[in-house]
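Geometric and topological summary
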Amino acid sequence: MITHAKPVVAFDLVIFGGTGDLAMRKLLPAMFRRFLDGQLPAPCRLIGVAREQQSTDTYRQRVSEALRKAVKEDDAIARIDAFLGMVSYHPLDATSDTGWEDFAQDLKSIEDHVRVFYLSTSPGIFVDICERLRQHGLNGEGSRVVIEKPIGHDLASACEINDAVGAVFAENQIFRIDHYLGKETVQNLLALRFANVLFEPLWNAAHIDHVQITVAETVGVEQRGPYYDHAGALRDMVQNHLLQLLCMVAMEPPASLNADTVRDEKLKVLHALKTIDAGNAGQVTVRGQYRAGSANGQSVPGYLEDLGSPASDTETFVALKAQVCNWRWAGVPFYLRTGKRMPHRVSEIIIHFRDIPYSIFAESSGRISANKLVLRLQPDEGVKLWMMAKYPGPGGLRLQSVPLDMSFAEAFGVQQPDAYERLLLDVVRGNLTLFMRRDEVEAAWKWIDPILAAWAESPDSPRSYTAGTWGPSASVALIERDGRTWHDDDH
Ligand code: BG6
């Protein structure tokens, strides 16, 4: 495999929450893959921080186990020990002074490193951590802070977090991560739209009938019940991942890839979203909660059993119809759908073009389906363009919808990197294009809050759906009322 990876400048990555699931499953494996690709110069330091008292040796042992789960190739496993040489551990409590001075001295022992502070902790301690970083002079120009969602649970709490972090770091030092923006297909959306002449002239209400965005997972809430039950699918997925995807599809062509230029365009989309509130939430939103059923051929419990609670009104599924009120998209619905315990793990964006204006073909030629462009984010990242073609051979002119199918893995012969690989190195490079700006996060909450309020006021509970199905039947009805259907990859 040819690598096009360019080494970055030497940096320190400090992971607060360094013993947590994200660090072990995503962040450290992502760094390991970049290391294997020769992108991390030797003096880089990866420092896990958590409250737990343990030595660097014990921490390295845990990291090593996590890496062995994440990579399978023998030659990669053989390099784990070399990678662990960059890894160390610091026990620290964000709410106590103990250990901070030593930690700061240790970091400052190398002066000119870019310092990345990744806050993979509960948002409740973001403020304490930032405050201590400031007290110890660790928020200078070469420092960057990465914050993970949830950034608040509504507009007011998001503003509080943004204010507090913003009191310590300048906006261009704050990297609000949405890992969906690091997925290859999402970046490819930029290439598809703006590096080809083909699509952009059609990318509007005159030629597009509607857009669908589906992010379906087969997993349930796993061990994250306490967090998830306070969040629900709307906060956990729609407020960030699905809205970001919608913005990438709907935004006007930015004048450049400059971070603020791109983010300005995304922000305009968020501002153009038609409000959903108590007046229309009943017609344009559906929420569901899974009950016992099956996943990957095995029986699985329902949400309440997973949660260990007798009752909860938290939604594990949302379908909604969004409208972008501007000239480009007037009258083009964006149907969004996401849920846990769906039949397949699939994330895709479907651009559903309009029907041809007039058919010259006889009825016996078959139905002429509208063109569809399917951008698949996972699994098997790729692009499919469904188009009509003549069925080969004699027997009259029979038409059939067939896909032009491009798998990125096949086309480029390389494995698709994990989103965190790209995003973490963008942080080091100081490139904010794929990160959310403060006003974007707040605009997204501003749109979400009235939906949450409408649901809270409504006497209805989420509709139940059986695990292993595509959510409540009301979700099918939501789109069928408009004479459309959810995309199914077989046609
Ligand atoms: C996270 C959500 O942001 O994204 C999880 O909190 C969800 O609930 C995950 O499972 C999905 O990410 P991916 O990359 O697996 O689609």
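A short tour of the structure in this document, coming up. (Residues numbered from 1 in each chain as written. Predicted model: local features only at pLDDT ≥ 70, side-chain atom pairs only at ≥ 80, totals over all residues. Heavy atoms only, no water.)

Moving on, we get to helix 1 (residues 21-36). With 16 residues, helix 1 extends 22 Å between its outermost C-alpha atoms, agreeing within 8% with the 22 Å of an ideal straight helix rising 1.5 Å per residue. A maximum bend of about 30° is found in helix 1 at L27, where proline P29 lies one to four positions downstream. Within helix 1, the full set of buried residues consists of L22, A23, M24, L27, L28, P29, A30, M31, F32, R34 and F35. G38 sits one or two residues past helix 1 and shows a positive phi near 80°. (Helix = DSSP H or I, 4+ residues; strand = E, 2+ residues; numbered from the N terminus. Expected span 1.5 Å × (residues − 1). Bend = angle between axes of the 7 residues up to and from the residue. Buried < 20%, exposed > 50% of the residue type's maximum accessible area, 1.4 Å probe, protein only.)

This part covers unusual backbone geometry. Only a minority of non-glycine residues have a phi that is not negative, and only a minority of peptide bonds are not trans. With an omega of 5°, the peptide bond between K149 and P150 qualifies as cis. Within the secondary structure, P150 is located in the loop between strand 5 (143-147) and helix 7 (155-166). Here Q378 and P379 are connected by a cis peptide whose omega angle stands at -15°. Looking at the element boundaries, P379 is found in the loop between strand 14 (372-378) and strand 15 (382-390). Here the phi dihedral of R341 falls at roughly 60°; this positive angle occurs in a residue that is not glycine. Among the secondary structure elements, R341 is positioned in the loop between strand 12 (333-339) and strand 13 (346-353). Taking the relative accessible area as the measure of exposure, R341 reaches 11% and is therefore buried.

Attention now goes to the site of the ligand. Neighbouring the ligand are K149, H179, Y180, K183, E217, R224, D236, M237, H241, K340, R345 and Q378. The side chain of K340 places a nitrogen or oxygen atom 2.7 Å from an oxygen atom of the ligand. With three residues, helix 9 (residues 225-250) is the largest single contributor of residues to the shell around the ligand. Counted by class, the shell around the ligand contains two nonpolar, three polar and seven charged residues. (Near = heavy atom within 4 Å. Polar contact = N/O pair within 3.5 Å; in protein donor to acceptor, adjacent residues only side chain to side chain. Nonpolar A, V, L, I, M, F, W, Y, C, P; charged D, E, K, R; others polar.)

Now for the sheet that holds strand 2 (residues 45-50). Backbone-to-backbone hydrogen bonds pair the strands of a sheet. The strands run either parallel or antiparallel. Strand order in the open sheet made by the six strands is 3-2-1-4-5-6, with parallel pairing throughout. For this open sheet the edge positions go to strand 3 (87-91) and strand 6 (174-176), each flanked by a neighbour on one side alone. In this sheet, neighbouring strand axes are inclined to one another by 20° on average, regardless of whether the strands run parallel or antiparallel. Packed on one face of the sheet, helix 6 (residues 126-135) meets strand 1 (11-16), strand 4 (114-119) and strand 5 and runs near 160° to strand 4. (Pairing = 2+ DSSP bridges. Axes fitted to C-alpha atoms, helices over the stretch in contact; angles between N-to-C directions. Contact = heavy atoms within 4.5 Å.)

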